[in-house]
Amino acid sequence: MKKAFITGITGQDGSYLSEFLLSKDYEIHGLIRRSSTFNTDRIDHLYKDAHDPNARMFLHYGDLSVSGQLTDLLYDIKPDEIYNLGAQSHVRVSFDMPEYTGDITGLGTLRLLEAIRKTGIKTRFYQASSSEMFGAAPPPQSESTPFQPQSPYAAAKVYSYYIVCNYREAYKIFASNGILFNHESPRRGETFVTRKITRAATRIKLGLQDKLFLGNLEAKRDWGFAGDYVEAMWMMLQQDRPDDYVIATGETHSVKEFVRRVFEKLDLDWQKYVAVDPRYFRPTEVDVLLGDAGKALNELGWKPRVGFDELIDIMIAADMEAAKKEKTLVEAGYSISDHQSA
Ligand code: NAP
Ligand code: F7E
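A. Structural context of the site of ligand 1. Taken together, 26 residues are adjacent to ligand 1, and Thr10, Asp13, Arg33, Ser89 and Tyr153 come closest. In the model, an oxygen atom of ligand 1 is placed 2.6 Å from a nitrogen or oxygen of the Tyr153 side chain. Taken together, the elements giving at least two residues each to the shell around ligand 1 come down to helix 1 (12-23), helix 4 (98-119), strand 5 (124-130) and helix 5 (152-171). A total of 3 residues in the shell around ligand 1 trace back to one element, the largest contributor, which is strand 5.

B. Spatial organisation of helix 7 (residues 226-237). Given a rise of 1.5 Å per residue, 12 residues ought to cover 16 Å, and the 18 Å separating the end C-alpha atoms of helix 7 matches this to within 8%. Buried residues dominate helix 7, accounting for 12 of its 12 residues.

C. Structural context of the packing of helix 2 (residues 67-77) against helix 4. Interhelical geometry of helix 2 versus helix 4 gives an angle of 50 degrees and a closest axis separation of 9 Å. Regarding the angle of helix 2 to helix 4, the classification is oblique. Crossing geometry of helix 2 relative to helix 4 is assigned as right-handed. Only Arg111, Leu112, Ala115, Ile116 and Thr119 of helix 4 make contact with helix 2, whose side of the interface consists of Ser67, Leu70, Thr71, Leu74 and Tyr75.

D. Region of interest: the site of ligand 2. As a structural note, the neighbourhood of ligand 2 is formed by 24 residues, with Ser89, Ser130, Tyr153, Arg282 and Glu285 the closest of them. One of the side-chain N or O atoms of Glu132 is found 3.4 Å from an oxygen atom in ligand 2. Measuring from an oxygen atom of ligand 2, one finds a side-chain N or O atom of Asn182 at 2.9 Å. Within the complex, the protein chains bury 96% of what would otherwise be the 700 Å² of accessible surface of ligand 2. Each residue belonging to the shell around ligand 2 can be placed in one class, and the counts come to 10 nonpolar, 8 polar and 6 charged.

E. View of helix 1. If you check helix 1, its first and last C-alpha atoms are 17 Å apart, about what 12 residues at 1.5 Å a residue would give, namely 16 Å. Where burial is concerned, most of helix 1 is hidden: 10 out of the 12 residues are buried. Among the residues of helix 1, those classed as buried are Gln12, Asp13, Gly14, Ser15, Tyr16, Leu17, Ser18, Phe20, Leu21 and Leu22. Just past helix 1, the residue Asp25 takes up positive phi, approximately 70 degrees.

F. Representation of the pattern of salt bridges. Counted according to the given criterion, the structure contains 29 salt bridges. Where Arg117 meets Glu114, a salt bridge forms, and the shortest distance between an N and an O atom there is 2.6 Å. Of this pair, Arg117 and Glu114 both sit in helix 4, 3 residues apart, which is roughly one turn of that helix. The structure contains a network of salt bridges with shared partners spanning Glu190, Arg195, Arg199, Arg203, Asp319 and Glu326.

Reading the values: the criteria
- Note on numbering: residues in each chain are counted from 1, in written sequence order.
- Chains and ligands are labelled sequentially in the order written, the chains with letters from A and the ligands with numbers from 1.
- Local features are withheld for residues below a pLDDT of 70 in this predicted model, meaning they are given only at 70 or higher, and side-chain atom pairs are given and counted only at 80 or more; totals for whole chains, interfaces and linings count all residues.
- In computing side-chain properties, one takes all heavy atoms of the structure into account and sets aside hydrogens as well as water.
- Nearness is judged by heavy atoms alone; a residue qualifies as near a molecule or strand once a single heavy atom is within 4 Å of it.
- Side-chain atoms alone can form a polar contact between residues adjacent in sequence; in general such a contact is a pair of N or O atoms within 3.5 Å, and within protein one must be able to donate a hydrogen while the other accepts it.
- Secondary structure elements follow DSSP: runs of H or I no shorter than four residues count as helices, runs of E no shorter than two count as strands, and numbering proceeds from the N terminus.
- Residue count minus one, scaled by 1.5 Å, sets the expected span of a helix.
- Between buried and exposed lies partly exposed: a residue is buried under 20% and exposed over 50% of the maximum accessible area for its type, with that area taken using a 1.4 Å probe on protein chains only.
- Between N-to-C directions, angles cover 0 to 180 degrees, with each direction set by a line fitted to C-alpha atoms, over the stretch in contact for helices.
- Angle categories: roughly parallel below 35 degrees, roughly antiparallel above 145, roughly perpendicular from 65 to 115, and oblique for all the rest.
- For a crossing to be left-handed, the near helix must be turned anticlockwise from the far one by less than a right angle; the clockwise case is right-handed.
- Whether two residues touch is decided by their heavy atoms; if any such pair falls within 4.5 Å, the residues are in contact.
- Surface accessibility in these figures is a Shrake-Rupley result with a 1.4 Å probe; residues are shielded only by whichever protein chains are displayed.
- Under the grouping applied here, Gly and all other residues not named as nonpolar or charged are polar, the nonpolar ones being Ala, Val, Leu, Ile, Met, Phe, Trp, Tyr, Cys and Pro and the charged ones Asp, Glu, Lys and Arg.
- Salt-bridge detection follows one rule: a side-chain nitrogen of Lys or Arg within 4 Å of a carboxyl oxygen of Asp or Glu.

Below, the structure is given as structure tokens:
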């Protein structure tokens, strides 16, 4: 049985990757942060108590800011594969917390690579690199496009990308960068734009919310489905040699188009409900992302299965269910929070 160690296991991608690896009979070890509120919602359905003989997922408290503990964990677990998905992953928030973002999203990667080097364990390392690294570079973006990062988040990811390349060359560690373009799902954090839109539109449809405040509607993104993208991560670590790959759909759409399509599918006129609030603008924006994933198709045999329209349908269906449950609670006299941020 192969063992995988996953940082960021409680996040969107961590949950889909865990499902995928469990289906491939892996034993999974995940790093989780201590929190005063529950932060394991996305993986609760996969978890079995450690006393259960069938338990194959084990969670370890820790943080990407603490190197000694990461080293101890890797030494004890000796995973065959490591997936570094943990990060302060919100671009807008990285302007508010640049130092913390650099520490976790940038130096966190170095801490893991140093833990591999120091323990001498034989393992394969996946780094969650990002299309944000391309920043202002004109589309389409591929593995050969020079990076022009436009945020503290993107700059931290560029640092991680290059330190992965350096440790691969210097210490012959099997380490690969997956340069993933935006990928979404019903498990996407609610302050990322797609989920913010599907959550709000379904709540508006049921009379639970009046308005949706957004930032830059003109930005364009190459949006895919997270479930498809985690398979590409695994494929990268099954190759004969480590390398870097762009993962994308090859289609781009504006935020405005995403909003319009979601509201249309719910028979709502988006212009009646959506307002622009400059608080959601970023000091520097990434205008257009459009990935060329030709190398991943040729070398990994990877291509996306879920298209733009189907992705929207999946997200609306899940958020409509959530909104219906909220409505039941409201009708029973419970109060629910309605905070829109980032
Ligand atoms: P996400 O939902 O925001 O999850 C981030 C994960 O990192 C969470 O499990 C979070 O834990 C954990 N984390 C945050 N700070 C940490 C710390 N100090 N120590 C340990 N863990 C920490 O992100 P995602 O969408 O799944 O993305 C996964 C990775 O891919 C991230 O590195 C992201 O930057 C990168 N990426 C994402 C996309 C995308 O479109 N989704 C595209 C390219 C690259 P809590 O649950 O406790 O907060
Ligand atoms: O913004 C615009 C915003 O926050 C997308 C992360 O997973 O993908 C993600 O980063 C676009 C931007 O994602 C709002 O200005 C308009 O142009 O959903 P987002 P992101 O910044 O592209 C990359 C690949 C990652 O690596 C990151 O970890 O939408 N936008 N109005 C808004 N964005 C937000 N969040 N909220 C708004 O109200």
